[in-house]
Amino acid sequence: MHRKRSGHIIRKGICFDRWFAAAGPTAQLVCKNGFPWVSRGPRRGGWGWGGHGCGRGDLGPGPSRRVGGAKRRALARARGGPRWPSLMKHYSPTDYVNWLEEYKVRQKAGLEARKIVASFSKRFFSEHVPCNGFSDIENLEGPEIFFEDELVCILNMEGRKALTWKYYAKKILYYLRQQKILNNLKAFLQQPDDYESYLEGAVYIDQYCNPLSDISLKDIQAQIDNIVELVCKTLRGMNSRHPSLAFKAGESSMIMEIELQSQVLDAMNYVLYDQLKFKGNRMDYYNALNLYMHQVLIRRTGIPISMSLLYLTIARQLGVPLEPVNFPSHFLLRWCQGAEGATLDIFDYIYIDAFGKGKQLTVKECEYLIGQHVTAALYGVVNVKKVLQRMVGNLLSLGKREGIDQSYQLLRDSLDLYLAMYPDQVQLLLLQARLYFHLGIWPEKSFCLVLKVLDILQHIQTLDPGQHGAVGYLVQHTLEHIERKKEEVGVEVKLRSHEKHRDVCYSIGLIMKHKRYGYNCVIYGWDPTCMMGHEWIRNMNVHSLPHGHHQPFYNVLVEDGSCRYAAQENLEYNVEPQEISHPDVGRYFSEFTGTHYIPNAELEIRYPEDLESVYETVQNIYSAKKEDIE
């Protein structure tokens, strides 16, 4: 057998998996008679040679000819694995896989994904990626996991290069995964009311808000199972014949004796709060991480609702039928103390504060906890959907508080989740329409998002005619935006050599420091004078500057994640340049060199003379500094 790669014939002797790992997409396998290697498929003996007189449909001479079918499949899996190890989790060890065909499909998907990623910067540089911007990816043929894997490969590229590719690969991957998770959540919400997988619902919320993280119900459940094992170990020391110790994984048996339930809760409190040091996060209460179950397990802290879901899940696995209580200001669990079948009221329960180390409370103590008297209805149990509504409501509140993240990603995500559960919430629909308009996520050639905003507004008008004023205002401004888009001309090019730009001292890509506030930043745009409106100039007290607004102003990406507009007199060179960890760096720059950023093709079109100026500045500033040190 011969192997041809890039014009060279390679004799047999290189193992098949090493050839796959090294050959890449341009490699070709050929037989002695010149016919190409083809796949026969699982029903025709696996891999084989094409053409006439090529014999058996297997791997030819060697160990695979002499082993049985099961071993051959295992060998093929082992040989295919090195090429794309991150995909191997999607294959079952017992399945027959035609690795050559998988390789071809994976390579094709990768090339298509890269082609689309490369096109995004040119298409969407001037604005956010619109709602129809991902249609090219959605319409691609082939397994979605292959496209996702290629995007992950781009994100994991080493070094400080390909920043623009990574920026758009991240956006595409974010979108694809969120769409899949949202569909799963909607299907989950269609379950009957007695379907009480609170943890599963919480994990969907976690996944949707963190689509680039490797979060799965299986992994989170495995971590909880480990905690259950520790509880069982403690429980065994308290009562070696406790019935919970005989439970098998996946069983949902419940213990009816109150004393036995109490022993479980005592063991849980010891393991969670004394041994593992879980605690309520009082110091950083308003942090979204407190609501993500994978972070609760990692950081061992959370807020009342997330701590309660963890506590509830463990208790139910050990046979204690706790129930969630949507108590105002402080989520609780309740533990029934009454006889089975009896008519119960709120005083027949003990209320458990998982945020407060599992403290058991009476009704009076619950009211003392929040400082107010509440009606009996608020002590009632709630279903999964209501629990998820409260979790998402907390995220929504945090999203509205966002000050630094100007993309409002948490607010957008929580709005998506809330409206997936309650699509007719008028005020949230209005907020979503305003948010779209504020962010200016407009498409380049079509007005898909404009139409989406108008659809939202029409839906609001149908649900609540009283919102006519707010709806009319947004419709008017949306239509005005359409007219402005029609009047827009081509890209504005700024030449440093132009007379009106003679006072511009700094260039795009330079790492700067703010003289007054001390933050580090990178320049991604400049104006010869302040281009903001009179109200902004007044609010920012620009007139108090020695040169006022009649000086160059710079668009900068700041290390804290914000975007700012800084006066030239307030900026200075950063003598110790470092990478700026801003989420939009890749939108404007393709590489960080260690001293400055290199603009991508789209930014360079707008500032064609800046790169040369940057090289001169770097040579003068940093080379001189290096000589002084030496």
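Owing to the predicted nature of the structure, the values given are computational and were not obtained by experimental measurement. (Residues numbered from 1 in each chain as written. Predicted model: local features only at pLDDT ≥ 70, side-chain atom pairs only at ≥ 80, totals over all residues. Heavy atoms only, no water.)

Trainee: Explain the overall build of the protein chain to me, please; I cannot follow it from the model alone.
Mentor: Of the regular secondary structure elements, the protein chain holds 22 helices and 18 strands. A burial count over the protein chain gives 48% of its 630 residues as buried. For the protein chain, the accessible surface area stands at approximately 32,500 Å², while carbon and sulfur atoms represent 51% of it. (Helix = DSSP H or I, 4+ residues; strand = E, 2+ residues; numbered from the N terminus. Buried < 20%, exposed > 50% of the residue type's maximum accessible area, 1.4 Å probe, protein only. Areas by Shrake-Rupley, 256 points an atom, 1.4 Å probe, with all protein chains shown as cover.)

Trainee: When you look at the sheet that holds strand E14 (residues 553–558) in this model, what are you seeing that I'm missing?
Mentor: Sheet strands line up and pair through hydrogen bonds in the backbone, either parallel or antiparallel. Spatial strand order, E15-E14-E13-E12-E16: five strands in an open sheet with antiparallel pairing. Of all strands in the sheet, those bounded by a partner on one side alone are strand E15 (563–567) and strand E16 (571–573). Within this sheet the neighbouring strands show an average axis-to-axis angle of 50 degrees, counted without direction. Two elements, strand E12 (residues 511–514) and E16, share three bridges in a ladder whose sense is antiparallel. Directly across from Met512, in E16, lies its bridge partner Tyr573. (Pairing = 2+ DSSP bridges. Axes fitted to C-alpha atoms, helices over the stretch in contact; angles between N-to-C directions.)

Trainee: I keep staring at the environment of Leu545 and nothing clicks. Help me out?
Mentor: Following the sequence through the fold, Leu545 ends up in the loop between helix H19 (534–539) and E14. Classification of Leu545 as buried rests on a relative accessible area of 18%. Separated by 25 residues in the primary sequence, Leu545 and Asn570 place their C-alpha atoms 9.1 Å from one another. Ignoring sequence-local partners within four residues, the contact set of Leu545 consists of Gln551, Ala567, Glu569 and Asn570. (Contact = heavy atoms within 4.5 Å.)

Trainee: What is the right way to look at helix H10 (residues 258–275) in this model?
Mentor: Note on helix geometry: an α-helix contains 3.6 residues per turn, so any two residues three or four positions apart are oriented the same way. Its 18 residues place the ends of H10 24 Å apart at the C-alpha level, agreeing with the 26 Å of an ideal helix rising 1.5 Å per residue. Those residues of H10 lying buried are Leu260, Gln261, Ser262, Gln263, Val264, Leu265, Ala267, Met268, Asn269, Val271, Leu272 and Tyr273. Where H10 is buried, its residues contact helix H9 (217–238), helix H12 (304–317), strand E9 (332–336), strand E10 (349–353) and strand E11 (359–361). Of the residues trailing H10, Lys277 is marked for its positive phi of about 65 degrees. (Expected span 1.5 Å × (residues − 1).)

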